[in-house]
Amino acid sequence: MKFIVAEKNMHQGAILTITDKEIIGKKFEEGKKQLDLANKFYSGEEKDTEYIKVRLEDAYVMHLTGKKAVAFGIKMGLVDKKRIITISGIPHAEVLIER
């Protein structure tokens, strides 16, 4: 499975933004909540799950957006299902990885 992965390297570690390919570049709104996947923050390259697993070693924050990306985070044991938000049917989770 492949996702769009954006990486920002910080002194604390990497911020990984993992988004379903099908929704990148779109904007979703629901009430006061918004997911702007056209924003530069979400722009990245197509990567597979094996690449993401390796990059997790350096990550301290992850943003997962879309049904497949959030399901991947759950499967990896990183996402608590109770903490997923949904905006216009699009699930989104943020993860702080403690070392």
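Since we're looking at a predicted model, the values are computed, not measured.

Novice: What exactly am I supposed to notice about the overall build of the protein chain here?
Specialist: From N to C terminus, the protein chain includes 2 helices and 8 strands. In the protein chain, the order of α-helices and β-strands from amino to carboxyl end is β-β-β-β-β-α-β-α-β-β. Relative to the 2.2 N^0.38 estimate, which gives 13 Å for 99 residues, the radius of gyration of the protein chain is 13 Å and therefore close to what a compact globule would have. By principal-axis analysis of the C-alpha atoms, the protein chain measures approximately 35 × 30 × 25 Å.

Novice: Can you help me understand the pattern of salt bridges in this one?
Specialist: One side chain can pair with another of opposite charge once the charged atoms of both are near each other. Under the criterion given, the structure shown has 7 salt bridges. Its salt-bridge partner being Lys21, residue Glu46 comes within 3.8 Å of it at the nearest N-O pair. With Glu46 in strand β5 (residues 45-48) and Lys21 in the loop between β2 (13-19) and β3 (27-30), this residue pair connects regions lying 25 residues apart in the sequence. On the basis of relative accessible area, Glu46 is assigned to the partly exposed category, the value being 45%.

Procedures and definitions
Residues numbered from 1 in each chain as written. Predicted model: local features only at pLDDT ≥ 70, side-chain atom pairs only at ≥ 80, totals over all residues. Heavy atoms only, no water. Helix = DSSP H or I, 4+ residues; strand = E, 2+ residues; numbered from the N terminus. Rg over C-alpha atoms; globule rule 2.2 N^0.38 Å. Salt bridge = Lys/Arg side-chain N within 4 Å of Asp/Glu carboxyl O. Buried < 20%, exposed > 50% of the residue type's maximum accessible area, 1.4 Å probe, protein only.

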